[in-house]
Amino acid sequence: MTAVAPKLPKRRVEFVNMAKGIPHGVLFLVAGAGIVTLARAMTFSFLAIKLQQAFGLGPAMIGFLLGLGPLIGALVGPFVGSLSDRTGRKAALTFVLITLALATVALGLAETIFVFCLAQCVAAVAISIYGPISRALMSDLCDEPARLKYFSWRYMASNIGWAIGPLLGIAAGVVSTPLFLTAAAVYATLALFLQLLHLPSSVCTDDGSSSKAAQLLASVTAAVRDRRLLYFIAGGTLLIAVHGQWSATLAPYLADNVAGGVEIFAYLVSINGVVVLSCNPFARRFIERRGALSALVTGCILLLISQVGFLVSTGLLGFATSMVIFTAGEILVVPSEYMLVDGISSAQSRGSYFGAHSISSIGSFFGPTLGGATLGMLGGPAMFLLFAGFAAAGALFFAAGARTPPPKSRTGKCVASECEKFVSPAPRVAWSPPKSPAPAVQCTNERVSCLHRSLQSDARPEALGPC
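Everything quoted here is computed from the prediction, not taken from an experiment.

1. Re the environment of Ala388
Position of Ala388 relative to the elements: it lies in helix α17 (residues 380–402). Considered as a pair, Ala388 and Gln307 are 81 residues apart in the sequence and their alpha carbons are 5.7 Å apart. If we ignore the near neighbours within four places in the chain, the residues touching Ala388 are Leu304 and Gln307.

Quick look at the structure:
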């Protein structure tokens, strides 16, 4: 008598089937985003406290030192992204994780201000580079229609890490040496698992006629020459200035101008985390239905409304409502922005484009700087109006980038991504001459064939018929 295997519940079977269809590399990157953020949040969130208590630094010097590393990371990001196109993203990501592990060990063991600040800068640069390379690798591993879903998962995993990490840091002892060593072990373990993971090659092959340095410079130059990307970088910088470091400006305003402001701020932090985790699936569906550009503009409008709400609020109810609106705008803007950058890049230039786009992280520096200066000189209303203006201007930059034609090659022909347009769920850029009908086709998995045909003809890609 043969034993009959028990049947799995229907919901469990559906979950197993869904998990089988997800590339293992994508699952690793989603989980890795949450784990890296968790380790980062339980250590780096308290660096300012250690700089103040252990080394006796003032607020101005602390702000400069904590901002120096991410600023360097934003500047070297385009070159590292282009390098990942040449060496492969798996190797680049492994190197970044190992560097981050070594820098975190140095942070935990540092006894002088010089060693501590040097290690902090190296770690901050590694973190700044980790994001764009991992996003480019995720785009390499998954089909175009599924990228929005996986980008949303990655964003949600990161927010889970931010929600749990600081609590673990407080429970284990703020800025204690064992905490830094534990985080370093986490980074090293992720690097080891990444090496054991089988991933398809993402190396951009060439004929070897030019040097590595010349190829790297050419990749960065090609990305920067794309005016669409420049518009997206400008818009992303303004939006990150609004939502990237919101606590740095809202906290002092509440503490100095609102009764019970410190308690209100604590509630707002919790509200932000709850809304991100609960509403992220709804945001993803909204982006799938409306397209990335429409969703991003909607998010910018919500950010603008939230700043006006902060301006007129006087108690917990008003600030809580404004924070819900603010967070809804944030979870629409972040994944939509990544999809737009992905939409104008090719497989060969994806690392360069995401690396160049990482320059927009400088918004995390001048946002709190300008906001804090405005708060000190002109007061809270002026600061909130400044951020509202940033949100509106960011939407205009992205809209302008979406309407900009792709750059032309040296032969005068446009790049292959010109035959792709903004559609749902994976928006792409389309451009056609004024007063001409918009292209009605969408390129999917035949982009190479489309490019080959466009290079053999003087006609524009959209005039060649279906790709």
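2. A short note on the pattern of salt bridges
Enumeration according to the criterion identifies 3 salt bridges in this entry. For Asp140, the salt bridge identified is with Arg89, shortest N-O distance 2.4 Å. Taken together, the residues span a long stretch of sequence, with Asp140 in helix α6 (residues 113–141) and Arg89 in helix α5 (residues 89–109) at a distance of 51 residues. Accessibility expressed as a relative area gives 24% for Asp140, which makes it partly exposed. The salt bridge partner of Glu288 is Arg284, with a shortest N-O separation of 3.0 Å.

3. Overview of the side chain of Gln120
With respect to the helices and strands, Gln120 occurs in helix α6. Relative accessible area serves as the criterion here: at 5%, Gln120 is assigned to the buried category. With near-sequence residues (within four places) excluded, Gln120 lies in contact with Leu47, Leu65, Leu66 and Leu107.

4. Side note on the packing of helix α16 (residues 363–378) against α17
Where α16 meets α17, the axes come as close as 7 Å, and the angle between the chain directions of the two elements is 150 degrees. In this structure, the crossing between α16 and α17 has a hand that is right-handed. In this structure, α16 contributes Phe366, Gly367, Leu370, Gly371, Thr374, Leu375 and Leu378 to the contact, and α17 contributes Gly380, Ala382, Met383, Leu386, Phe387 and Phe390. Of the residues in the contact of α16 with α17, the class split is 9 nonpolar, 4 polar and no charged.

Conventions and cut-offs
- Residues numbered from 1 in each chain as written.
- Predicted model: local features only at pLDDT ≥ 70, side-chain atom pairs only at ≥ 80, totals over all residues.
- Heavy atoms only, no water.
- Helix = DSSP H or I, 4+ residues; strand = E, 2+ residues; numbered from the N terminus.
- Contact = heavy atoms within 4.5 Å.
- Salt bridge = Lys/Arg side-chain N within 4 Å of Asp/Glu carboxyl O.
- Buried < 20%, exposed > 50% of the residue type's maximum accessible area, 1.4 Å probe, protein only.
- Axes fitted to C-alpha atoms, helices over the stretch in contact; angles between N-to-C directions.
- Left-handed = near helix turned anticlockwise from the far one by under 90°.
- Nonpolar A, V, L, I, M, F, W, Y, C, P; charged D, E, K, R; others polar.

In short, shape yes, function no, at least from these values alone.
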